[in-house]
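Chains, contacts and geometry: an overview
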There are 2 protein chains.
Amino acid sequence: MENSIGVFDSGLGGLTVLKELARVLPSERFIYLGDTARVPYGGKSAETIIRYSMEIANYLIRTHDIKLLVVACNTASSLALPTMRRIYKIPVVGMVDPCVRRAAALRRKSNIGVIGTLGTIRSAAYEKALLAAVSSVKVRSVSCPLLASLVEEGWTDNDITRAVIAEYLSPFRSDPPDALILGCTHYPVLKKAIREFIGEETILIDSGEEAAAVVDILLSETMTRSKKKSRKVEFLVTDDPERFGRIGKRFFGREIRGVRLATLQE
Amino acid sequence: MENSIGVFDSGLGGLTVLKELARVLPSERFIYLGDTARVPYGGKSAETIIRYSMEIANYLIRTHDIKLLVVACNTASSLALPTMRRIYKIPVVGMVDPCVRRAAALRRKSNIGVIGTLGTIRSAAYEKALLAAVSSVKVRSVSCPLLASLVEEGWTDNDITRAVIAEYLSPFRSDPPDALILGCTHYPVLKKAIREFIGEETILIDSGEEAAAVVDILLSETMTRSKKKSRKVEFLVTDDPERFGRIGKRFFGREIRGVRLATLQE
């Protein structure tokens, strides 16, 4: 099978996941969709996020016959994944389970922090999964509503971003967790600033890295790995291809070319 | 005629306009729609904003037979108003012209500042209208992409908001304008912080106040003023009615009750 792997996010954040996927799986074809006409997802309701996620999944299956879908957005993973897994025949990989599996494999794991959007934290998806996977763990979850917006604006390393991080992460200051799950795909680009604030002792868990490892295993197990020699990455957005390419470069780590507009609704 | 006046915005910001409308027109009925499922509008393309604005206008005309529509969003006013005025039979009042008319009526007006979203500033709608209305005026426009998001999060008066304002408004520091147009309906709730930064000499122009005066004149001139004794205000949102009511109170200045969900697309 030479079909593509579908990857979607509300906007730019999922590019940190795509970057890891492309690194780990150099022979695969990827089709990335950023829902920039409706970004951000973080503060919106479960009903709305489920509707948006399914519109995108339907579109990618119909137009690209994707063999696997990566929900490269923690908000959509937290709110829409159970519904999507009931509906779609193809495997749907989210961000929550891979991060929780990594936390459960740590040596020191009695004290785990989670940061994410309002929707992710309110869903308690991480908390429930961590409590089920790690015995006698203390989980502290903090929503950081503005962080994804700062990242979408490209403010990833200035005084204001550092002040916002200090404000949101202050509950972790006096008692740093053993590990902090970066529960939003926008946060890896803030890793340096988060590391500066939280100190060297805390392990930062990055959903992109963990999800890429899971996709690698799934492709092997289901014998759907590509037999091509070279990687191919296509980009779709629901609004303003030019801006996506320009700002996205910083998230993807290389040039983004040929971004096309996708029309989800008829 | 006892039909309602329609008012819409991407989210909460338009409530600052509705507040002025309700104050100036105490006998009218208002139907407010906040497009919270797709907020914010500020960074999205003209095509997308025109589509969203027309979906909302079509919906309000079809379901409420509104007699006049107020586009209580500067981004939509800057990008969609010309198209909407060509299409709709009812009067469509935007935010740009009322602000420009006020600036043109000032005594000191050689140096006008405009702040707004990326979409509003990039459209140059204010700049063009000011240059046409005020002779030998110097216009300085600055986009403040994150301010509306801060306001939607309810961060209206903390150190981070003051730092963001200082960052965006720094071009005005050394040479304060005669007047500063608050070219986004989210900004009036930041008036105190903006005033602190820019000083006492600059006149702040608030689109809600100016638009309410224009609507008042229009209703009189077209003989469509309500003959009822009491005001009525209804609220619709495209996502999460509970959150809108809770945060919106601060913008509208009084309790917001009975917010209902509107489904724009079938």
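Provided above is the structure to which this section pertains.
A few points on the structure. Note that this is a predicted model, so its numbers are computed, not measured.

With that out of the way, let us pick up the packing of aromatic side chains. Per the stated rule, a full pass over the model turns up 12 aromatic pairs over all chains. Note on Y32 of chain A and F244 of chain A: the rings are 6.0 Å apart at their centroids and 35° apart in plane angle, and the pair reads as tilted. Here Y32 of chain A is found in strand 2 (residues 29-34), whereas its partner F244 of chain A is found in helix 11 (residues 241-252), with 212 residues between them in sequence. Using a relative accessible area of 3% as the deciding quantity, one classes F244 of chain A as buried. Arranged with centres 5.2 Å apart and planes meeting at 40°, the rings of W155 of chain A and Y168 of chain B form a pair that is tilted. With W155 of chain A in the loop between helix 7 (147-152) and helix 8 (159-169) and Y168 of chain B in helix 8 (residues 159-168), the pair connects residues from two separate chains. Here the aromatic cluster, defined as three or more aromatic residues joined through ring pairs, consists of Y32, F235, F244 and F252 of chain A. The aromatic ring of Y52 of chain A is capped on one face by R38 of chain A, whose charged end is 3.7 Å from the ring centroid. If you follow R173 of chain A out to its NZ or CZ, it ends over the ring of F197 of chain A, 4.4 Å from the centre.

Counted under the stated rule, the structure contains 40 salt bridges over all chains. The shortest N-O distance in the salt bridge between D178 of chain A and R108 of chain A comes to 3.0 Å. Here D178 of chain A, found in the loop between helix 8 and strand 7 (179-182), pairs with R108 of chain A, found in the loop between helix 4 (96-104) and strand 5 (111-116); they are 70 residues apart in sequence, far enough to count as distant. Judged by relative accessible area, D178 of chain A falls into the buried class, the value being 10%. Here D159 of chain B ties to R162 of chain B by a salt bridge, and the two come within 3.1 Å at their closest N and O atoms. Note that D159 of chain B and R162 of chain B are positioned in helix 8 at a spacing of three residues, about one turn of the helix. Overlapping salt bridges, with partners in common, bring together D35, R38, R51 and E55 of chain A in one network.

Another aspect to go through is the interface of chain B and chain A. Listed as interface residues are 29 residues of chain B and, on the opposing side, 29 residues of chain A. Counting the surface lost from both chain B and chain A, the interface buries some 2,200 Å², and carbon and sulfur atoms represent 56% of this. Between chain B and chain A we count zero salt bridges in total. Put simply, chain B and chain A have 10 residue pairs in polar contact (both at pLDDT 80 or more) between them. Of all the elements in the fold, those that place two or more residues in the side of chain B that touches chain A are helix 2 (46-64), helix 5 (118-123), helix 7 (147-152) and helix 8 of chain B. Looking at the side of chain B that touches chain A, the element that brings in the most residues is helix 8 of chain B, giving five residues. When grouped by side-chain class, the residues that make up the side of chain B that touches chain A number 13 nonpolar, seven polar and nine charged.

Further remarks concern the packing of helix 4 of chain A against helix 10 (residues 207-221) of chain A. A pair of packed helices is characterised by two quantities: the angle between their axes and the separation of those axes. Residues and elements named next belong to chain A. Where helix 4 contacts helix 10, the axes come no closer than 8 Å and their chain directions differ by 95°. Regarding the angle of helix 4 to helix 10, the classification is roughly perpendicular. Residue-level inspection shows P98, C99, R101 and R102 of helix 4 in contact with helix 10, the latter providing S207, E210, A211 and V214. Residue composition of the contact of helix 4 with helix 10, grouped by class: four nonpolar, one polar and three charged.

Take helix 10 of chain A next. All names here are of chain A. In this model, helix 10 (15 residues) spans 21 Å end to end at C-alpha, consistent with the 21 Å of a helix rising 1.5 Å per residue. For helix 10, the full list of buried residues reads S207, G208, E210, A211, A212, V214, V215 and L219. The N-capping residue of helix 10, defined by a side-chain oxygen 2.8 Å from the backbone nitrogen of G208, is D206. Directly after helix 10, the chain includes M223, whose backbone phi takes a positive value near 55°.

Cut-offs and rules
- Residues numbered from 1 in each chain as written.
- Chains lettered and ligands numbered in written order.
- Predicted model: local features only at pLDDT ≥ 70, side-chain atom pairs only at ≥ 80, totals over all residues.
- Heavy atoms only, no water.
- Phe/Tyr/Trp six-rings, centres within 6.5 Å; stacked < 30°, edge-to-face > 60°.
- Helix = DSSP H or I, 4+ residues; strand = E, 2+ residues; numbered from the N terminus.
- Buried < 20%, exposed > 50% of the residue type's maximum accessible area, 1.4 Å probe, protein only.
- Lys NZ or Arg CZ within 6 Å of the ring centre and 35° of its normal.
- Salt bridge = Lys/Arg side-chain N within 4 Å of Asp/Glu carboxyl O.
- Contact = heavy atoms within 4.5 Å.
- Buried area = accessible area lost by both parts, 1.4 Å probe.
- Polar contact = N/O pair within 3.5 Å; in protein donor to acceptor, adjacent residues only side chain to side chain.
- Nonpolar A, V, L, I, M, F, W, Y, C, P; charged D, E, K, R; others polar.
- Axes fitted to C-alpha atoms, helices over the stretch in contact; angles between N-to-C directions.
- Parallel < 35°, antiparallel > 145°, perpendicular 65-115°, else oblique.
- Expected span 1.5 Å × (residues − 1).

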